[in-house]
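Residue strings, one per chain:
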Amino acid sequence: MRKLALLYMTFILPFFMFGCGKTTDNEINFSSSSETTEQFSEKTNASGNETVSSETTIESESKTDNKSKILVAYFSATGTTRPIAEEIANVTGGDLFEIVPVQPYSEEDLDYSNDNCRANQEQNDDTARPEISDTIENIDEYDVVFIGHPIWWGIEPRIIDTFLESYDFSGKTMVDFCTSGGSGISESESNLKEICPDSVWLEGKRFLESSSHDDIADWVDNCLLYTSDAA
């Protein structure tokens, strides 16, 4: 009996101990992974935005956590630019700020067939600076700023110039994005760089109203890779 007990202590008991320890580690890792996925699903479904894979979103969040605080500021007179900006904020986890004019734009203000409409008068005046109704008190906290807007007569609306001239963006990473059915973003980018020459400007992007989540997320991920490299 003593020999059988010794055999059990030497060979059989360590086998069970080793097997149980390994199973416990696997269960802990799987439990952590499941919790992360569930939390992401709840956050995405509550926002009403298109659900994407947890792998993509967790990767995007890891690029911003403890590195850069992101602001997505946008102007959307007719609502076309708004969903693009909201999606960028959703992908990056950034704060969303709508640039709202003190005097809202009416349909008559945006009647481009009328040379005397408000939008045409502003776009033809390099010094026009429409007043913004709200301000950002903690602008110094942001490291990366996305600037979104439609294209009016080939360039950014003048209210975007108002926004950029209202704060000090020196040293911040800036990214221009726009919505347009045909006009490009190059002239807008050039104008914005002149207003904020001491910022680090990444390549901007023109989106269509029909741009998909993947189109936006892929572009954002590339931008965040550049900001991570710079850091």
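Every value quoted in this text rests on a predicted model; they were computed, and no experiment measured them. (Residues numbered from 1 in each chain as written. Predicted model: local features only at pLDDT ≥ 70, side-chain atom pairs only at ≥ 80, totals over all residues. Heavy atoms only, no water.)

Of all the 8 residues making up helix α5 (residues 158-165), 7 are buried; the element is thus mostly covered by neighbouring parts of the structure. When α5 is considered as a whole, its buried residues turn out to be R158, I159, I160, D161, T162, F163 and L164. Elements that come into contact with the buried residues of α5 comprise β1 (70-74), β2 (95-98), α4 (118-123), β3 (144-150), β4 (173-179) and α6 (186-195). (Buried < 20%, exposed > 50% of the residue type's maximum accessible area, 1.4 Å probe, protein only. Helix = DSSP H or I, 4+ residues; strand = E, 2+ residues; numbered from the N terminus. Contact = heavy atoms within 4.5 Å.)

For the rest of this paragraph, the subject is unusual backbone geometry. With a phi close to 50°, W153 is a non-glycine residue in the positive phi region. Residue position: W153 is located in the loop between β3 and α5.

Right, let's talk about the pattern of salt bridges for a bit. Enumeration over the complete set of coordinates arrives at 8 salt bridges. E141 is the partner of K69 in a salt bridge, and the nearest nitrogen-oxygen pair spans 2.9 Å. With K69 in the loop between α2 (54-64) and β1 and E141 in the loop between α4 and β3, the pair connects residues that are 72 residues apart, well separated along the chain. E122 is the partner of R118 in a salt bridge, and the nearest nitrogen-oxygen pair spans 3.0 Å. Pair noted here: R118 and E122 are both in helix α4, with a separation of 4 residues, about one helical turn. Several salt bridges share partner residues, and in doing so they unite D126, R129, R158, D161 and E165 into one network. (Salt bridge = Lys/Arg side-chain N within 4 Å of Asp/Glu carboxyl O.)

Quick look at α6 now. Residues of α6 that are buried include every one of S188, E189 and L192, and no others. With its buried residues spanning 100° around the axis, α6 presents them on a single face. Of the residues in α6, the exposed ones pointing more than 90 degrees away from the buried face are S186 and E194. Where α6 is buried, its residues contact β3, α5, β4 and β5 (200-207). (Arc of directions from axis to C-beta.)

Our next topic: the pairing of β5. Bridging between β4 and β5 involves 6 bridges; their strand directions are parallel. Bridge pairing links F177 to K205 in β5. You can see the chain leave β4, run along α6 and come back into β5, and the turn it takes is right-handed. (Pairing = 2+ DSSP bridges. Right-handed = clockwise from strand over helix to strand, strands pointing away.)

The values are spatial; any link to function lies outside them.
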